[in-house]
Number of protein chains: 2
Amino acid sequence: SDWDRWFMMGLIGGVVGAMGFLMHQIIDTVFELKWELVEKYIQHGDFLTTWLFILGIGFGMVMVSSGLVVFFCPSGSSSGLPEVIGYLNGASLRHIFNIRTFFGSFFSCALAVASGLFCGPEGPMIHVGAVVGCGLSQFKSDTLRIKLPCFTRFRNSADKRQFITAGAAAGIASVFRAPVGGLLFALEEVASFWDIKLAWQTFFCCLIASFTTEVLSSSFGGFEYQGYFGFLKAEQGITFWVKNLLDMSVLAFIPTIILGVIGGLLGALFVFLNVRINKVRIKLFSAVKRKWLRQISKLLETLLLLVVTMTVTVFVPYFFPCTEDPVTYQFLNSSEDSLGDHLPWDVSEYNCPPATTWIGPDGILNSNYTINQAAALLVKNGKQGIPLLFQRGNHEKFGFPALFTALVLYFGISCWTAGTAAATGLVVPMLYTGALFGRTVGLIMVYIFGVQNDEHWTWIDPGLFATIGAAAYFAGVSRLTISLTVIMVELTNDVQSIMLIMVAVMVGKTVGDYFNHSLFSSLLHLKCIPHLEAEPSVVHGKKKVNLELFAARDVMKKCKVIHLKENVFSLASILNDTTYNGFPVVYSPGPGQEEVFLGTITRLELCMLLSNRQIFQTPETSNIDTRVLKYQEVTVEKVPDEGQMKSLLTKYSADPQYQQLFINLEPYINKSAVAVQSHFSLHRTYVLFRTLGLRHLTVVDLQNRAVGMITRKDLISFQLEKVLIKLDSGKLDSDEELLK
Amino acid sequence: SDWDRWFMMGLIGGVVGAMGFLMHQIIDTVFELKWELVEKYIQHGDFLTTWLFILGIGFGMVMVSSGLVVFFCPSGSSSGLPEVIGYLNGASLRHIFNIRTFFGSFFSCALAVASGLFCGPEGPMIHVGAVVGCGLSQFKSDTLRIKLPCFTRFRNSADKRQFITAGAAAGIASVFRAPVGGLLFALEEVASFWDIKLAWQTFFCCLIASFTTEVLSSSFGGFEYQGYFGFLKAEQGITFWVKNLLDMSVLAFIPTIILGVIGGLLGALFVFLNVRINKVRIKLFSAVKRKWLRQISKLLETLLLLVVTMTVTVFVPYFFPCTEDPVTYQFLNSSEDSLGDHLPWDVSEYNCPPATTWIGPDGILNSNYTINQAAALLVKNGKQGIPLLFQRGNHEKFGFPALFTALVLYFGISCWTAGTAAATGLVVPMLYTGALFGRTVGLIMVYIFGVQNDEHWTWIDPGLFATIGAAAYFAGVSRLTISLTVIMVELTNDVQSIMLIMVAVMVGKTVGDYFNHSLFSSLLHLKCIPHLEAEPSVVHGKKKVNLELFAARDVMKKCKVIHLKENVFSLASILNDTTYNGFPVVYSPGPGQEEVFLGTITRLELCMLLSNRQIFQTPETSNIDTRVLKYQEVTVEKVPDEGQMKSLLTKYSADPQYQQLFINLEPYINKSAVAVQSHFSLHRTYVLFRTLGLRHLTVVDLQNRAVGMITRKDLISFQLEKVLIKLDSGKLDSDEELLK
């Protein structure tokens, strides 16, 4: 009976998968073309021309990428992930799911990554996935003025939210080809409400998304058909495939814990710096008064970032020598069966002399293949560079100078990049930075203990520590746990190291949590998105406040009540005078008895009722059955015409004749609205509100008379703290433990 | 500040991990010893002696195993998993977490598996893990009369439930060395309530459990120290390691879907048969009136099962010839570096002639190593047999006759075994049956398309289909999705086939759901455990009933109200006359006003109050401050002495002088108890009840007067159906779609 829901999930997955495929293709093609163009200049050491070329192309791309975000879809800015998280938590945010954002984010992200900025496609892909989930399931677009008459039953906020969750999960699943990881990411970080049914539909959606991306990728490379449609090679499917699994030793947990601690520290530092940079950015830009000037300066910042990034990318490798790398060359050579031929030029060769290969007198393959380590690390983008860092059995491929330089540059520049005016994702730069630092630690281990050939010590391999470092640092930034572990395993296919990864993730998160909140939650706070955590956490003087000591009445606001039979004049006045979105409806159960709380009605429903004159009753007709509006006529997502509505309200609230016209609200109110008594503990109120996903909660007294309302904004941590401080500082300081 | 919670989680993980290690060691040692003992008889074809030996040893083990469950800890019977699920859902079940059950389940399970019955250690290990979680966190044992004064803050039902969830997850994590899979299993199937904080603590617990098991296993084989402490070999860590990953083709999805459909059908059939068998079993045993006779007959049933299983195991291979198996021999040989030497005898060789190896004139290793296919499949237990079935690149290791025979026998006998009077798990037999059927389908593919050497067709490999079949069949039985996929990947390390596994799991579950409920939910129903699903599902005449059409008043029961100041006589009488566990407390807010609902109090709290005479007030002392009991004195888990309490209640309720003694309940009632109005929709009521994990919910009228109570039992599907049918069959038949 739920076939349409499943169909929709499949459809969303398919479309998101195709978008992910397109994203990868665009990035790969453009990136490769760009460097092929400057190949001969690099080889001849003409770095200035290289720089000019690369910068010129990059300028064009960043202009479009940043321009899209600045002028066309401001809500597509940066990763868009905090907005999606906030929306799914229940905050109402505008414009984040329209078709402009969809196209804007997608192309802005593709071009930003291809231009060579230190960013990745994940955040925007999650956003794009969420837009697909929202748009397809509603089968309408306000921007395009399309409204198709199918799947109408999904046009309610609960179902919409589910499809958005699924779409966001599909975005991650597609971009990493990690269906389980995508699902868990959505559940751990993105969604605030979910149940096992949604989990399992999302699972399907992720499956279809990964599948679509893989099948399409199987037959295309850089938009060229390759003739192997449907042949899924493990090399392509597993993004950062680690080929030789290592036997582990319990001793490996010691460096893992160290990596976890450093990763957590670095991650917390990243969060601190990034939030600081974003604050400065907001301050500076808001100082610019004129809108167009502000937009231009945002664009200029992104261009400046590009100049810095490209300068670093092109010129830094100049200071590094060419070093031998026999393992990679042999590997590439044998897999291509082209002994002696020249391999296609790779950017990591930079201006090193071309390699030749010969078979020595002992029958062993020799090669003088050299690479520029810094070029391999800086010029390649994250997707190409991470597998190099994860490579096992090639202990000394990268030396300290190259690793350390790349680490510092990546850390600093990616910190600046995140939050700039272009659709940029964070995950790949985070994994890259983490892998760089992990490999550095691994190399130190190799220097201390040497390259080990004993099977009990093979785990001392910088490639393994790069994987662990990536997990630890990303955990330090994002504070993800389960989903991060699964994503790392799906990315590397290294089930054997799962326990090391888990330990690194746990330690990284714990250390990071000691200093600050996760990046996403800091950004939510910075962007003033009202996000309710699962548990209330009000801190006063470095101590957690025990909300059991306070009652619902302490935070409630006075409210306007509406009578079950209300005249049009009063209704319009109330709507005009207040900005409340929900109203308690009261009525008197018997003559002379006090009015008690019966249910709630929303502003939107009242507006829809008021715009239908045929349901108005005069005192005379009140006993005659008047027309009752259908559910679909009252429950809409927004008022069709805001301006008209406003003038209607003004008209009704100005003319006393409307005091004689009544609406019987009985058929329209929500009689199953939860109410709490005013002495109800604040902690329980919070949990009730959050668990049931309410937007407003009526507070009643012992006789069930409505005395106040609590809304989402009243329950946000800093709001709570402000209100509670005024009440009683004694309770705030009391020790929570004593009361348990 | 939460260090004690983390410490406890780690402790639970460590202990469960050690238990898992012990379990594996016992099973492996006993199983191996048993077959070593009869080696020479088998080799000489003396099957009768073999049978007698094996049966004799098995008899002893099953006597103990079944005897433990029958006489010592009846609640350890069968897997114990439904009981844990029920308890975590909120049902109150007795004796499932005591120390008897712990030892009983553990040894019963170890011996049952070692005796050769077709069962595995997972279900009981989950149960054992849950008991560890409960016992350690409470730091007390009623059975042992131990109550230590540490970690007292965990002695409440919410925390206890969290530790039980973590322990159960650790059980799975330890037994499969699948930490993420264990966590997800607990979240998907075992726990009814959880949040991200619990998930992440459980994650830690699972990590420690897997780690402990792995580290201990690294240095012990059959209780002998091997001298490699802390060296974790991938071979040991990954339970059913698949070594050569295959490149996939999109065409592989076609047989995968077929496998999914058949797996779902077989799974549904298994559930149907198993429930039927269990019903017959319950009927037969309850027909035996005398307790000791009933116990003996349960024991006899298990022994009969053993006779059948052993007869099949020993004699069926007799009808199969010896067949070549060069791949395995070469593999074993090369890995042991012992060319030409004889390998230790393996049960799969049965009575085949011993193998010799020679290097041919072409320098290639030759061997005439032969095995008895049926012996390999039937004599080996699941843990040894599954890797053989999953083996890749050995297409024709097993022929149709052996596969099919083993499939039929395993399906039938494991269906009988599950539910018998011994602690037996289901997962391994399910995976085994599924792998057998998957390999059969794979072999059919090989017969049609031949053994393929083209890289685009290597996926036609019975080993791959065995993996997929195992997932499909297990999904058909258990209806697990996410956790099953992750467990399969953690078991096999085959990330490349994750999408095929996902598809098989989805199809298997969907097909199975068409026929019946999952095995666990069927068993919950069979055992009459009141389990509330996340969504209400009341079915009437094959149609889902829309609970929005009914109100809370339709299912509520009349209740006894208690006044805020109640006399001891009435309290005792109410407690004596009713069996209710929760009571609404009412009081009149002003003189002459009607009594309104204020909060609730539980039976246990009332009992504790009544047993403290010093808080009784006479009408004269009521205005003087009397002593108020502390939180810890009132909130206990059970009445210290039931008999004494009973006589106290009888005394109070018989003597009218207690009408003059009052208790002021004000300090003790739960003022934050949720109440719903009687017109509240039944659907919302259900969701509220289930989401907040309530045990009783007060129903009030518009003036906030308590009119009824709803308890867990009132909301169970069949109970709801019974009540609603009486009300109005019109509403029951109405089409749900129309109302959306």
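Residues numbered from 1 in each chain as written. Chains lettered and ligands numbered in written order. Predicted model: local features only at pLDDT ≥ 70, side-chain atom pairs only at ≥ 80, totals over all residues. Heavy atoms only, no water.

> Go over the packing of helix H3 (residues 47-72) of chain A against helix H5 (residues 99-115) of chain A, please, and point to the residues and values.
Residue and element names in this part refer to chain A. Interaxial distance between H3 and H5 falls to 8 Å at its minimum, and their mutual angle equals 155 degrees. Judged by the inter-axis angle, H3 sits roughly antiparallel to H5. The element H3 and its partner H5 pack so that their crossing is left-handed. For the pair formed by H3 and H5, the contact residues are Gly-58, Met-61, Val-62, Val-64, Ser-65, Leu-68, Val-69 and Phe-72 on the first element and Arg-100, Gly-104, Phe-107, Ser-108, Leu-111, Ala-112, Ala-114 and Ser-115 on the second. The residue inventory of the contact of H3 with H5, partitioned by class, reads 10 nonpolar, 5 polar and 1 charged. (Axes fitted to C-alpha atoms, helices over the stretch in contact; angles between N-to-C directions. Helix = DSSP H or I, 4+ residues; strand = E, 2+ residues; numbered from the N terminus. Parallel < 35°, antiparallel > 145°, perpendicular 65-115°, else oblique. Left-handed = near helix turned anticlockwise from the far one by under 90°. Contact = heavy atoms within 4.5 Å. Nonpolar A, V, L, I, M, F, W, Y, C, P; charged D, E, K, R; others polar.)

> Explain the sheet that holds strand S15 (residues 582-587) of chain B residue by residue, including any values.
Residue and element names in this part refer to chain B. If you walk across this open sheet you meet the 3 strands as S13-S15-S16, and the pairing is mixed. At either margin of the open sheet sits one strand with a lone partner, and together these are strand S13 (562-563) and strand S16 (596-602). As paired elements, S13 and S15 share 2 bridges and run parallel to each other. Residue pairing in the sheet places Ile-562 in a bridge with Val-585 of S15. (Pairing = 2+ DSSP bridges.)

> For the packing of helix H18 (residues 462-478) of chain B against helix H19 (residues 482-492) of chain B, give the residues involved together with the corresponding values.
Residues and elements named next belong to chain B. Packing of H18 against H19 brings their axes to within 11 Å, and their N-to-C directions diverge by 150 degrees. Overall, the two elements H18 and H19 adopt an arrangement that is roughly antiparallel. Of the two elements, H18 crosses H19, and the hand of that crossing is right-handed. Counted together, Thr-467, Ala-470, Ala-471, Phe-474 and Ala-475 of H18 and Leu-484, Met-488 and Thr-492 of H19 form the full contact between these two elements. When grouped by side-chain class, the residues that make up the contact of H18 with H19 number 6 nonpolar, 2 polar and no charged.

> Tell me about the packing of aromatic side chains, and please be specific about residues and values.
Throughout the structure, instances matching the rule amount to 44 aromatic pairs over all chains. With 4.5 Å between their ring centres and 55 degrees between their planes, A:Tyr652 and A:Tyr658 make a pair best called tilted. Of the two residues, A:Tyr652 and A:Tyr658, both sit in the buried class. Between B:Tyr410 and B:Tyr432, the ring centres sit 4.5 Å apart and the planes meet at 85 degrees, which makes this aromatic pair edge-to-face. Here B:Tyr432 lies in helix H17 (residues 427-449) and B:Tyr410 lies in helix H16 (residues 400-417), a separation of 22 residues in the sequence. (Phe/Tyr/Trp six-rings, centres within 6.5 Å; stacked < 30°, edge-to-face > 60°. Buried < 20%, exposed > 50% of the residue type's maximum accessible area, 1.4 Å probe, protein only.)

> Can you lay out the relation of the copies chain B and chain A for me, pointing to particular residues and giving the numbers?
Expressed as a screw operation, the relation of chain B to chain A combines 0.1 Å of axial shift with a rotation of 180 degrees, fitting to an RMSD of 0.1 Å. Such a combination of rotation and displacement between the chain copies is what one expects of a two-fold axis. (Least-squares fit on C-alpha atoms with pLDDT ≥ 70 in both.)

> Any chance you could break down the pairing of strand S19 (residues 696-700) of chain A for me, citing the residues and the numbers?
All names here are of chain A. By the criterion of burial, S19 is predominantly enclosed, with 4 of the 5 residues buried. Bridge analysis of strand S18 (residues 675-677) against S19 gives 3 bridges, and the strand direction is parallel. Across the sheet, the residue bridging to Gln-677 is Val-700, located in S19. Chirality of the crossover, the property in question, places the unit of S18, helix H27 (residues 682-692) and S19 among those that are right-handed. The antiparallel pairing of S19 with strand S20 (residues 706-711) creates a hairpin that spans 5 residues between the two strands, and Asn-704 there sits at a positive phi of about 65 degrees. (Right-handed = clockwise from strand over helix to strand, strands pointing away.)

> Before we move on, could you go through helix H8 (residues 179-190) of chain B and cite the residues and values that matter?
Given 3.6 residues per helical turn, the α-helix brings residues three or four places apart onto the same face. Residues and elements named next belong to chain B. For H8, built from 12 residues, the straight-helix expectation of 16 Å at 1.5 Å per residue is met to within 8% by its first-to-last C-alpha distance of 15 Å. For H8, the tally of buried residues reaches 12 of 12 residues, placing the bulk of the element in the interior. Of the positions making up H8, those classed as buried are Pro-179, Val-180, Gly-181, Gly-182, Leu-183, Leu-184, Phe-185, Ala-186, Leu-187, Glu-188, Glu-189 and Val-190. (Expected span 1.5 Å × (residues − 1).)

> Give me the lowdown on the interface of chain B and chain A, citing residues and values where you can.
At the interface, 77 residues of chain B touch 77 residues of chain A. Taking both sides of the interface into account, the surface hidden between chain B and chain A amounts to around 7100 Å²; carbon and sulfur atoms contribute 72%. Remark: the boundary between chain B and chain A carries 0 salt bridges. Scanning the region where chain B abuts chain A turns up 11 residue pairs in polar contact (both at pLDDT 80 or more). Ranked by residues supplied to the side of chain B that touches chain A, first place goes to helix H9 (residues 196-219) of chain B with 10 residues. Broken down by class, the residue content of the side of chain B that touches chain A amounts to 46 nonpolar, 18 polar and 13 charged. (Buried area = accessible area lost by both parts, 1.4 Å probe. Salt bridge = Lys/Arg side-chain N within 4 Å of Asp/Glu carboxyl O. Polar contact = N/O pair within 3.5 Å; in protein donor to acceptor, adjacent residues only side chain to side chain.)

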